[in-house]
Each structure stands twice: as structure tokens, then as C-alpha cells.
Amino acid sequence: MKEKIERWFGARGWSPFPFQREVWQSYSEGASGMLYSSTGSGKTYAAFLAPFFEDGISCSDKTGGLRILWITPLRALANDLAAAIALPLEEMDVGWSVEVRSGDTSSYRKKKQLSRLPEVLITTPESMTLLLSYEDTLKNLQTLDLVVVDEWHELVGTKRGVQTELLLARLRAIRPQVRVWGLSATLGNVRQALSVLLGVRASNSAIEPALVTADTHYDLHIESLIPDQVELFPWAGHLNTLMVPAVVEAIESNQSTLLFTNTRSQAERWYQEILNHKDDLVGCLALHHGSLDPEIRHWVEKSINGGTLKCVVCTSSLDLGVDFTPVDHVIQLGSPKGVARLLQRSGRSGHRPGQDSRVTFVPTNCLELIELSACRLAIEEKKLEARTPLEKPLDVLIQHLVTMAAGGGFLEKELLAEVRTTHAYRDLSDEEWKWTLDFVRFGGSCLGAYPEYRRVELDRDKEPNKFVVSKPAIARRHRMSIGTITSDSSMQVRFLQGKTLGVVEESFISKLKRGDNFIFGGRVLELVRVREMTAYVRASRGRRASLVRYMGGKMPLSSELSRTVRLRIAQAGKGVYADREMEAVRPVLELQKLWSKLPAEDEILIEQVETREGSHLFFFPFEGRNVHEGLSALIAYRICQQEETTITISVNDYGFELLSPTRIELDLDRLRVLFCGDDLDEEILRSINATEMARRHFREIARVAGLVFQGYPGAGKSTRQIQASSELFFDVFKEYDPQNLLLLQARRELLAGQLESTRLIKALERIRSSSFVLIQLDKPSPLSFPILVDRLREKLSSERFETRLARMQLAMAKHAGSLYAGSRRANCKIKT
């Protein structure tokens, strides 16, 4: 078989890379491990072909059992992977079948897979977990040789990653000799990610886990489209679609392009704007994001591979994947907000070993040019963001216990030992285990009177020590809830004649009236009626239409990008503009220096301004939106503890504003008290109305833990119903079971996730070791202006936002003129 593989590579003009041979050798020696390599370097064949290098492997005929299980985080990857994997099998006459199992797979195919699995199965963490909830699956896993977890960096640090850890532990228990290999790229904590993947038992194994790093050199060419005119007072999105002509020109000058946006709404809008500007692109421009119907997504993916599309406007749904060989150019619209994200997306261009990658950056406001420059610096320094693994999410463990009970049952001691082999639950205490088991058996101390929450029980008839799900209705409800780790409450969008376009969030549809137009799937649609959880629509010729909005659209600056942004700002303060992007934004930064200051790396800039609205304090830690949300709430809370006042908060990635009706007096001693680290967790929770935020966050925990059922197909519950149900559970637990571990988890996740408390603590430490620079100003500076604008956007006023903004910019321009005049009189030259 080894010779066949060598001949197959040779027939295609290839030669195996040293890292591929290293993976094959490590596998044949019995090792599990991880391959860390850049996108498009050949990881797929390095992992997939490894079992064929083992002596004695039989692959000439169908074996009637699963041999290779391939777990991928995105459904969009599955079909491309299946095609890439089937190719060498077919050309080498290996009689193995390759199948996909995901949410897009037909019910007929899924039913067949329950009785017999193919030799190669490509699936998602949710679909594999669902498969384990059927007892018949166990016998089909006895032939399993290899589990590959693709794009592991996308799963580490998420509940889907923990779900994957648990299913890997189950597979190792069923088939102890199975080998697990992870494929990853763009990760800052590679060795920790390997440890999380393989679990505790592997680290104690006699065979050392293999970490293979590919030394594949490729050039990354990053360029940017710089606007003709740079606004001296930029604000988020001020360039809007002014860059469309330049983007269309870039698309037409390349054979094929992926245009990445950060949100689905942005993808919908830019798809429309590009077609409005250049209708010649109709038929060769497509749209791709996770809310579109699977049939539409599959057509786009097939067309990319077939080379029939000029450009695809997409989101992270196409961040990952296998060989899109025709794509020779990537456009990133707006700041990627993270170094790893830009590298991942740029790797889609020239997605083949040895090919260079080309990415063009398009700013949505000129300050994003600083972020691109900072991103390039971090790439040069090889500094990528780490993914912090999750610790003991009990809602996922609750779901896992019910899955195991439904899939043939479990013995308590055996499953506890198995669960503790995962990184996430390695420190699970006996008390936490007992609480979790009691919760699925009796519903905890509050829900014991309700039969639907007594989901797991001892099988007293057959095996008295085995826990099972004996009621088919409970098993059926549970299987329908396994995907809730990733799901949002959504509604289908369907034409009256029946064709489904995709799904949108229920909260968006609820704000529309019959006859309203909205843009979805690249079409202008008219809402005809809503029935159950389906919005029926028809095509509209209307020109005015709402853009579909999705929750969670704003990504914060990552820790690494925040660091290099601070460095670029400090360099500009010394008159050093490192590259073309920094030179482009130089007029804004020079005006900031003239108006106020550009802080050094060890300085924290604070600007104080008095206006008719009140007294403004602008702080600039440059730590990212999430950290600033927690930090601003904390500082505002501490100020209000010291004096009676009302404070309004506004934040962006660079800083935050505290607006009060009266002046807040600050000096060095008071600033050090405000930024101290004492009693931090408790004060953060008090400052943000944590109980209410935790109540809202509890919805996700309640869904994963199976407390809230989303409804059967065609009769789903709305977001409002699910939220009301989860809040009821929260309030009941809070009053009658205050030590409920799910309540404590909600608080912990709120701190660690939404507020990035670990990063916030580090930011406070850095701030306390820095020098405070407090500057009194007559008007907000160029850096504080975008924070001001973000707050005004949310303020109710009879005056149009654009009118008010233009008036503010005019006043700021006049003030800038007087500053320039004063600078000239002082013989201070400003280079522009």
C-alpha cells in the first residue's frame, strides 16, 4: 500500500513533504498527536493516509465497519473533505466508502448509517455525539483505527470543544487502541492544545504524543486599499460603501476572489452594493454564510471548486476548508480584529502547498489601517492568539450523561473515570460529579416533582448498577436538543411556493410588519406572513429594505492585536510611521498629537472635556471592546461609590467614555484607587448588574443542560418563550437552590466570556504600572470622537444622525483650524 501511495503522489506531480512522512511514521509507531501547519499546506492527506502506512492493514475490500472518523467544526467543510478524501481511494482502487453525517444530511441517509457506518465518516461534534446516543452505534465502532479532529484551533476554548473532548474519551473507552490526530493552524498555545486534545490518559501513555510542525514556507502578501481622502475625525463605518468601486476593480483584476466580511449583515449589504455598482457581475458573484439554506451553500462551494464564480462574498463560513484551488485572491473587509483570523483567511488564497497567499485589506474607517499595520507586525513577530481551554462546564457534562444513558447506558465509576481523562474535567471533584448525576436523575433539589427532569434512572430489570434512559419520549427530546450548543432561536425563510432560503434570528422577524421588505440571501424580499417558526416571503421590487440583523456582530480586538496597536500608536507619537498604512493615517494621528497626545506604551491617556451634555472623561487603554466594557463599568461604579452622580458609558476597541452631569475631579492618587485590583470579581459583578446579565446568559446553559426544550419540528418555541422559561428556572434556583452549580457556572462564564475577566485583570495590572496622562480639552479629540459618535447613534433624537454628525464635524474642523494656526505661529510644522 505504501508503494501505491508513493505512485499516486508521483502521478499527480507531487512528492510527500517531510512533515507528511513524519506523521505517517509517528502513526505507524502507535502515536497519537497533532499536526500544526499553515492553511493549505497538505494536512488533509498527511492525516488521512497515515493508516495505510501501517503494516498488515487490509483495505482492498469493504470491511463493514468504520475505520476513519473525521470530525470537522463546520458543515461547509464536509462535502469538500469528502471529495478530497474519496479521490485517492478511488484512484488507488481502495474499496472504502466515504460518507458525510451532519445537520444537512438527509434523514434517509442518517437512518442507514445507524445500522451500518461507512469505512470513512466525516461529521461534526454534534452529529457524532448524537450518533453515540444510539446503542447500535457501539458495535459499529469496534473497527475504528483513527480519529482526526480537523481545525482543532476552532474548537479549543468552546463548549463544542469540550463536547469533542468527551466524545473522544468515549471513543477511547470503546476502542482503547484508537489513535487521535488533530490538525491545526494559527494557534498561539500549540502544546496546550495538544494536551487538551489527547486528554489526561494520553499524557501518561508509554508512547509519547507527537507534535509535528510543518516547515512549509510561503509568502504572505498583504496590501491595502487606502481611501483617496482620510477623514480627520473618523468614526466606525464612516467609509461605509465608499470603497465599493475600488473593491470591484480589485475583483475584476483577479481570476477569483473570496471577499470576507466579519458579519452576515455586512456580507448581505456588500453583495448588494457590488451588484448595484457593477451589474455585469450578475451570475459570477455569489453569497455564502451560515444562515443560508444548505442547498444554496453547497451550490456556491461546488461553483468555487469548478471555477465558475468570479467572487464570493462570505463570512467565517469559508474561513476553513480544503483545496479551493481556483481562488487566487482574498479581500478582508474591515479589521479582522485578530492576527490568527487574518492568517486563516489569507490562507484561502493560493490554498496549495508552495503557493503564495495574497490578501487585500479594505478599511471601513481609516483607524482600521492602524490595526492592519499592527496585524502585520504581529505576524512578523510570529505572535498569535492563544485559545484558553474551558474548565468544567457542567451543562455540557449533564448533556453528556444523558447521551451516554440513552446510548446503551453507563456504570457510574467507569464513566466518572472516563470523564476525568478529559482536560476539561480532569479536576472534577466527587461532590461536583454527585451533584451532576443527581441532577439528571432527580432534577436537583427543585425539580424532583416533574417527571421530565428525572431523565436517567437505574436499569433495575437487566443491570441494576447501570444508568439508562428508559422512556423513549425523554430520549427523543434529548436527541433533538444535542445541537443546542451551537444553535440560536431562528426562523426559516421560505417562499410562498415552498423553496427555503435559509434562517434568520426570530428577534429580527418579530420587528417586521406584513408587507415590510428585507434583504436576505442576496434578494429583496417582502414579508407575507409568519406561521409557527417560518417566515413566508415573496420577491419584492421595492428599493427600500431592512438589512437582516444578527446578534453578536461586534468582535473585540484580540490581546495580541491590542498589544501591537499600542506599539504602533507609541511609535507614531515619536514620529515613526512604519509602513504605508501608518503613513496614510498620519494626518489623523498628527492632529491627535497637536490636539492632545499619542500615549507611549507605558502611558494611559485620559482626556477630560466639558460640553453642554456634561463632563466627559475619555480613557484610552487600547485593550479591546470586551475589556473596556468591564473596565468602564468598574471605574464608573467606584466613582459612584465615592460621590453621588449618574454616569453614562460608551466604549470601543481603543477606549471608553464616562459622561456625568457634573465634573469629576481626578488626580494621580484617585486614579490609582480607581484602578486598584482589590475585590475585583465582586466589584465587577456589582457594577454591571450581574444578576440580570447572568439571568439572560442562563438561557444558553438551560438549553445545553436540557432544562428548556426548543420544540419539535414545525412547532418550535420563540426566543421570547425560551428566555422566559430559562429565566423562570434561574429565579427558582436562585431562591430555593442558591448553591446550584449551574448558577455558579453562569456567573463564571459571564466573567470569563463576556467580560474577559482574566484579560481584564492583566489589563489592570498593566495600567497600574503605567503613567497616567490627564489632559483638559476644549473639544473631544480625534481619538475620542468615534466613541462619542457610537453613543450618539443610540440616543433618541428628532434630528437625523447624519445631520448632527455633520454639524459636529464642522465644529471640530474649525477647532482644528485654530490649532493648526496656533501651531504655525509657534513654528511647529505638521507633516501631512
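Refer to the preceding data block for the structure.
An account of the accompanying structure is given in this report. (Residues numbered from 1 in each chain as written. Predicted model: local features only at pLDDT ≥ 70, side-chain atom pairs only at ≥ 80, totals over all residues. Heavy atoms only, no water.)

**A short note on the overall build of the protein**
Right, on to step 1. Across its full length, the protein holds 31 helices and 27 strands.
Right, on to step 2. For a compact globule of 832 residues, the expected C-alpha radius of gyration is about 28 Å, and the protein comes in at 28 Å, within 12% of that figure.
Right, on to step 3. For the protein, the spread of C-alpha atoms along the principal axes amounts to about 90 × 70 × 60 Å.
Right, on to step 4. Taken across its 832 residues, the protein has 58% of its residues classed as buried.
Right, on to step 5. A separation threshold of at least 6 residues defines the contact pool for the protein, and within that pool the share at least 24 residues apart is 75%.
Right, on to step 6. Of the roughly 35,100 Å² of accessible surface on the protein, a fraction of 48% belongs to carbon and sulfur atoms.
Right, on to step 7. Measuring between centres, the 109 positive side-chain charges of the protein sit 4 Å from its 106 negative side-chain charges. (Helix = DSSP H or I, 4+ residues; strand = E, 2+ residues; numbered from the N terminus. Rg over C-alpha atoms; globule rule 2.2 N^0.38 Å. Buried < 20%, exposed > 50% of the residue type's maximum accessible area, 1.4 Å probe, protein only. Contact = heavy atoms within 4.5 Å. Areas by Shrake-Rupley, 256 points an atom, 1.4 Å probe, with all protein chains shown as cover. Lys, Arg positive; Asp, Glu negative; His and termini not counted. Charge placed at Lys NZ, Arg CZ, Asp CG, Glu CD.)

**Describing the state of the cysteines**
Right, on to step 1. The tally for this structure, following the rule as stated, stands at 0 disulfides.
Right, on to step 2. Free cysteine C314: the closest other cysteine sulfur is in C311, separated by 7.9 Å.
Right, on to step 3. Overall, C314 belongs to the buried group, its relative accessible area being 0%. (Disulfide = S-S within 2.5 Å.)

**Concerning the sheet that holds strand β7 (residues 210-213)**
Right, on to step 1. Judged by pairing direction, the sheet is parallel, and its 7 strands sit side by side in the order β3-β4-β2-β5-β6-β1-β7 without closing on themselves. The open sheet has two edge strands, β3 (98-101) and β7, and neither has a second partner. Adjacent strand axes in the sheet meet at a mean angle of 15°, parallel and antiparallel pairs treated alike.
Right, on to step 2. In the sheet, strand β2 (residues 68-71) pairs with strand β5 (residues 146-149) via 4 bridges, with the strands oriented parallel. Along β5, the bridge assignment pairs W70 with V148.
Right, on to step 3. Together, β2, β3 and β4 (120-123) form the strand contacts of helix α6 (residues 125-132), whose direction differs from that of β4 by roughly 120°. (Pairing = 2+ DSSP bridges. Axes fitted to C-alpha atoms, helices over the stretch in contact; angles between N-to-C directions.)

**A few points about the sheet that holds strand β13 (residues 357-362)**
Hydrogen bonding along the main chain pairs the strands of a sheet, whether they run parallel or antiparallel.
Right, on to step 1. Across the sheet, 6 strands lie side by side as β8-β13-β12-β9-β11-β10; this open sheet has parallel pairing. Each edge of the open sheet is held by one strand with a lone partner, namely β8 (220-224) and β10 (285-288). Sheet twist, expressed as the average angle between the axes of neighbouring strands with direction ignored, equals 20°.
Right, on to step 2. Sheet topology places β8 next to β13; 5 bridges connect them, and they run parallel. What sits directly across from S224, in β13, is F361.
Right, on to step 3. Those strands touched by helix α10 (residues 244-252) are β9 (257-260), β11 (311-314), β12 (329-333) and β13, and its axis lies near 165° from that of β12.
Right, on to step 4. On the sheet, helix α14 (residues 368-380) packs against β8 and β13 and is oriented at approximately 165° with respect to β8.

**Quick look at the environment of R544**
Right, on to step 1. Relative to the elements of secondary structure, R544 occurs in the loop between β21 (534-539) and β22 (546-547).
Right, on to step 2. For the pair formed by R544 and L525, sequence separation is 19 residues and the distance between their alpha carbons is 11 Å.

**Focus: empty space enclosed by the protein**
Right, on to step 1. What the rule picks out here adds up to 6 cavities of 30 Å³ or more.
Right, on to step 2. Lining the largest cavity are E452, Y453, R455, I474, R477, H478, S481, G706 and F709.
Right, on to step 3. When its residues are assigned to classes, the lining of the largest cavity shows 3 nonpolar, 3 polar and 3 charged. (1 Å grid on protein atoms, 1.4 Å probe; cavity = no way out; pocket = protein on both sides within 12 Å on 5 of 7 lines; lining within 4 Å. Points joined across faces, edges and corners; volume = space filled by probe spheres on them. Nonpolar A, V, L, I, M, F, W, Y, C, P; charged D, E, K, R; others polar.)

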